[in-house]
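Chain residues, written in single-letter form:
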Amino acid sequence: FTLASYLKDSLEKNLFDLRNKKVVTLASDDIQRMDVTSKKGSYQLVKNADGIWDLMLPPPVRADHFTVEGLVDELGSASMQSVVEESKKDLGLYGFSNPTLTIHLSGAKGSQALVLGKKVGGNYYAMNTAVGPVFTLASNFLTQFQKGPSDLRSKDLFTFSTYEAKKLTVNGPKGRHVFVQHKNSKWEQTEPASMVVSGDKMQTLLQDLRDLNAQSFPTKHPTHLAAYGLAKPEYTFQVQYGDHNKTQTVQISQVGKQVYARRSTDLVPSELSKDSMSNLQKDLAALQ
């Protein structure tokens, strides 16, 4: 009888083709801490009790969810390019005594360290304390982990979706204002006086709140909130959203020409664009 030729090709494998090439044995969901050191610097990422990644500067600050999950995914998908030695011996030959990159991973199910040594062609020699052989990894693996604090920090002040917002409370120079969305999707101001407000104008305000993001992060006495006008903020915005009535609260103040803000759970402030405060003030004035 005859068979298609591709069946022969699919069965012609060498030992490397058949072996498990994963370089990290911890499952992505089991990684609770990541300590990364390279010749360009170091950083620590820790998953807090709420399952949110924090960047440990110190003090701990919110890490950007998508950036960190990208690193976790990279660890899970990283694959050996070749096996150099089946056992770890003569490690100095591969540059592990002066590593290019070291990643310590830990969680409830154990810990391990992934180490990159010298470059060889387009790859790096590598080893993992939880994996037997010395192997090589593609060079782009290194570039994924060479991050600075500003690359890893969350820049969004709010993370709610505008369509989920149910209540907005504003405390500012003109007092306290509360806006509530009813089941018919109509918005009403309930404090200081009851009045119907434009749904389109509410959406503009909510979108401008959602779009608030850090342009930079002050480094001079970052925990001294009074220096940034946040010990007694000019504005406090609290949004209630979602089916479980979650809340997020952000404080904003202007000092000179600079606008600073922080989420109520953040220990340090961020600097916003110079027109962010005036945009919010215009949105609020349009509702009156």
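Counting starts from 1 at the beginning of each chain's written sequence and moves along it residue by residue. Note on the predicted model: pLDDT of at least 70 is required for a residue's local features to be given, and 80 or more for side-chain atom pairs to be given and counted; whole-chain, interface and lining totals, by contrast, use all residues. Hydrogens and waters are ignored; side-chain quantities use all the structure's heavy atoms.

A. Broad picture of the overall build of the protein chain. By the criteria applied, helices consist of DSSP H or I runs no shorter than four residues and strands consist of E runs no shorter than two, each listed in order from the N terminus. A count of helical and extended segments in the protein chain gives 7 helices and 17 strands. In this setup the radius of gyration rests on C-alpha atoms only. A globule is expected at 2.2 Å times the number of residues raised to 0.38. The C-alpha atoms of the protein chain give 26 Å as radius of gyration, which overshoots the globular expectation for 288 residues (19 Å, by more than 25%). Each principal axis of the C-alpha atoms in the protein chain carries an extent, and together these give about 80 × 60 × 30 Å. Taken across its 288 residues, the protein chain has 40% of its residues classed as buried. Sequence-distant contacts, at least 24 apart, represent 58% of the contacts inside the protein chain between residues at least 6 apart. Residue exposure (1.4 Å probe, protein chains only): buried if accessible area is under 20% of the type maximum, exposed if over 50%, otherwise partly exposed. Every residue pair with non-hydrogen atoms within 4.5 Å of one another is taken to be in contact.

B. The sheet that holds strand E14 (residues 235-241), seen in detail. Here a strand pair is declared whenever DSSP counts at least two bridges between the two strands. Read from one edge of the open sheet, 8 strands run E13-E12-E11-E10-E14-E15-E16-E17, paired in antiparallel fashion. At either end of the open sheet lies a strand with only one pairing partner, and these are strand E13 (195-197) and strand E17 (270-272). The mean inter-strand angle of the sheet, taken between neighbouring strand axes irrespective of direction, is 25 degrees. Where strand E16 (residues 258-263) lies against E17, 3 bridges are found, and the strand directions are antiparallel. Pairing of Tyr260 across the sheet is with Glu271, part of E17. Whenever a helix is involved, its axis is fitted only over the stretch in contact; in every case the axis is a line through C-alpha atoms, and angles between N-to-C directions fall within 0 to 180 degrees. With respect to the sheet, helix H6 (residues 199-210) is in contact with strand E10 (165-172), strand E11 (175-181), strand E12 (187-191), E13 and E14, its orientation differing from that of E10 by roughly 75 degrees. Of the strands in this sheet, E10, E11, E13, E14, strand E15 (246-255), E16 and E17 touch helix H7 (residues 276-287), which is tilted by about 65 degrees from E14.

C. Highlighting the packing of H6 against H7. Direction vectors running N to C along H6 and H7 enclose 160 degrees, while the axes themselves pass 9 Å from each other. Of the possible angle classes, the one that applies to H6 and H7 is roughly antiparallel. Like other packed secondary-structure pairs, H6 and H7 cross with a definite hand, here left-handed. Facing H6, whose interface residues are Lys201, Met202, Thr204, Leu205, Asp208 and Leu209, H7 presents Asn279, Leu280, Asp283, Leu284, Ala286 and Leu287. Should an angle lie under 35 degrees it is considered roughly parallel, over 145 roughly antiparallel, and from 65 to 115 roughly perpendicular; all remaining angles are considered oblique. Crossing handedness is defined as follows: a turn of the near helix away from the far one that is anticlockwise and smaller than a right angle gives a left-handed crossing, while the clockwise case is right-handed.

Geometric descriptors of this kind do not, in isolation, establish any biological role.
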